[in-house]
Amino acid sequence: MKKEIMQTDWYFSTPVYSIMKTEWLKPAIKATDKFIDIAYKREAPKLKERKKILGNKDYLKVKDHGLSYHSTPINGDPGLKELEQYVGATSHNLLDEWGYDMKQYSMFFTEFWVQEFSKNGGGHHSTHVHWDNHISGFYFLKCSDKTSFPVMHDPRAGAMMTKLPQKDGTKVSSMSDQIHYRPKPGMLVFFPAYVPHEFSVDNGVDDFRFIHFNLQAVRNTITGMVK
């Protein structure tokens, strides 16, 4: 009797694309220094208010623990030109590679900013998505195996509702409900904007700085960029 073999086909998987682009690392750090400096100065009133509320003794213990310093938009900065152009072109190509018909669409940045977590630790971001976008991603400037890292969650609501316990939560499987993504300086990451993600609590041991971007595919009939 012929033995039948069970066929397995995987569907509805979620792509996460990463590539090392260390050639832009030093220029990007230099270009974003001024934005981070401005962000620190902008948050100074909040620290004064925290000191007022906590009192000097408690404030000296916590300082800016838990804060994340966000820049204003960094689009168009000369020091980030190559990175910005690459992210835009690659986002379009990835959507096309993933099977979308991109002939009548062009990519536009909705957000492009840099942020740095407090050197006193505690910096983090709760689980979220960036609505009204198609591609999200990061370019890591300063990080180590002792810093915060992104955690990506299963975007399938139906799957999350019916999850069973994992045999081994330390191993990545086809049914893992979250992935701890460990970055390195110079790593560029792209993923569908519908993927929920968060950043783990930073320990304040090493500097943690990264560029975050979101892009939207817009019909050329809307933008006037008919090809």
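Residues numbered from 1 in each chain as written. Predicted model: local features only at pLDDT ≥ 70, side-chain atom pairs only at ≥ 80, totals over all residues. Heavy atoms only, no water.

Asker: Explanation requested: the pairing of strand S10 (residues 209-219) in the structure shown.
Answerer: For a regular strand, side-chain orientation follows a simple rule: the groups alternate between the two sheet faces. Counting buried positions along S10 yields 10 of 11 residues, so the element is predominantly enclosed. Relative to S10, strand S5 (residues 135-142) is paired through seven bridges, and the arrangement is antiparallel. Within S10, the residue paired with Lys142 across the bridge is Arg209. (Buried < 20%, exposed > 50% of the residue type's maximum accessible area, 1.4 Å probe, protein only. Helix = DSSP H or I, 4+ residues; strand = E, 2+ residues; numbered from the N terminus. Pairing = 2+ DSSP bridges.)

Asker: Honestly, the sheet that holds strand S8 (residues 187-192) in this entry has me stumped. Any pointers?
Answerer: Two strands in a sheet stick together by hydrogen bonds in their backbones, pointing the same way (parallel) or opposite ways (antiparallel). Strand order in the open sheet formed by six strands is S1-S8-S5-S10-S3-S2, with antiparallel pairing between adjacent strands. The sheet is open, and its two borders are formed by strand S1 (17-20) and strand S2 (68-70), each paired with just one other strand. Adjacent strand axes in the sheet meet at a mean angle of 20 degrees, parallel and antiparallel pairs treated alike. Sheet topology places S5 next to S8; five bridges connect them, and they run antiparallel. The residue of S8 that forms the bridge with Gly137 is Phe190. Running at roughly 95 degrees to S5, helix H1 (residues 25-54) makes contact with S2, strand S3 (105-117), S5 and S10 of the sheet. Packing of helix H3 (residues 81-97) onto the sheet brings it into contact with S1, S3, S5, S8 and S10, and relative to S3 it is tilted by some 125 degrees. (Axes fitted to C-alpha atoms, helices over the stretch in contact; angles between N-to-C directions. Contact = heavy atoms within 4.5 Å.)

Asker: I tried to follow the packing of aromatic side chains on my own but got confused; where do I start?
Answerer: How two aromatic rings sit relative to each other is given by the distance of their centres and the angle of their planes. All told, the structure shown has 18 aromatic pairs when counted by the stated rule. When the ring of Phe138 is compared with that of Phe140, the centres are 5.6 Å apart and the planes differ by 50 degrees; the resulting orientation is tilted. The same class applies to Phe138 and to Phe140, which are both buried. Look at Phe208 and Phe210: their rings are 5.4 Å apart centre to centre, the planes differ by 45 degrees, and that puts the pair in the tilted class. Of the two residues, Phe208 and Phe210, neither departs from the other in class, the shared state being buried. Grouping aromatic residues by their ring pairs yields a cluster made of Phe117, Phe138, Phe140, Phe191, Phe199, Phe208 and Phe210. When the ring centre of Tyr86 is taken as origin, the NZ or CZ atom of Lys21, which lies over that ring, is 4.8 Å away. Over the aromatic face of Phe149 sits the side chain of Arg182, whose NZ or CZ is 3.8 Å from the ring centroid. (Phe/Tyr/Trp six-rings, centres within 6.5 Å; stacked < 30°, edge-to-face > 60°. Lys NZ or Arg CZ within 6 Å of the ring centre and 35° of its normal.)

Asker: Help me out: how do you make sense of the pattern of salt bridges in this one?
Answerer: It is possible for side chains bearing opposite charge to pair when their charged atoms get close. Enumeration over the complete set of coordinates arrives at nine salt bridges. The closest approach of N and O atoms between Lys21 and Glu23, which form a salt bridge, is 3.0 Å. With relative accessibility at 14%, the residue Lys21 sits in the buried group. Taking the relative accessible area as the measure of exposure, Glu23 reaches 45% and is therefore partly exposed. Its salt-bridge partner being Glu43, residue Lys46 comes within 3.3 Å of it at the nearest N-O pair. (Salt bridge = Lys/Arg side-chain N within 4 Å of Asp/Glu carboxyl O.)

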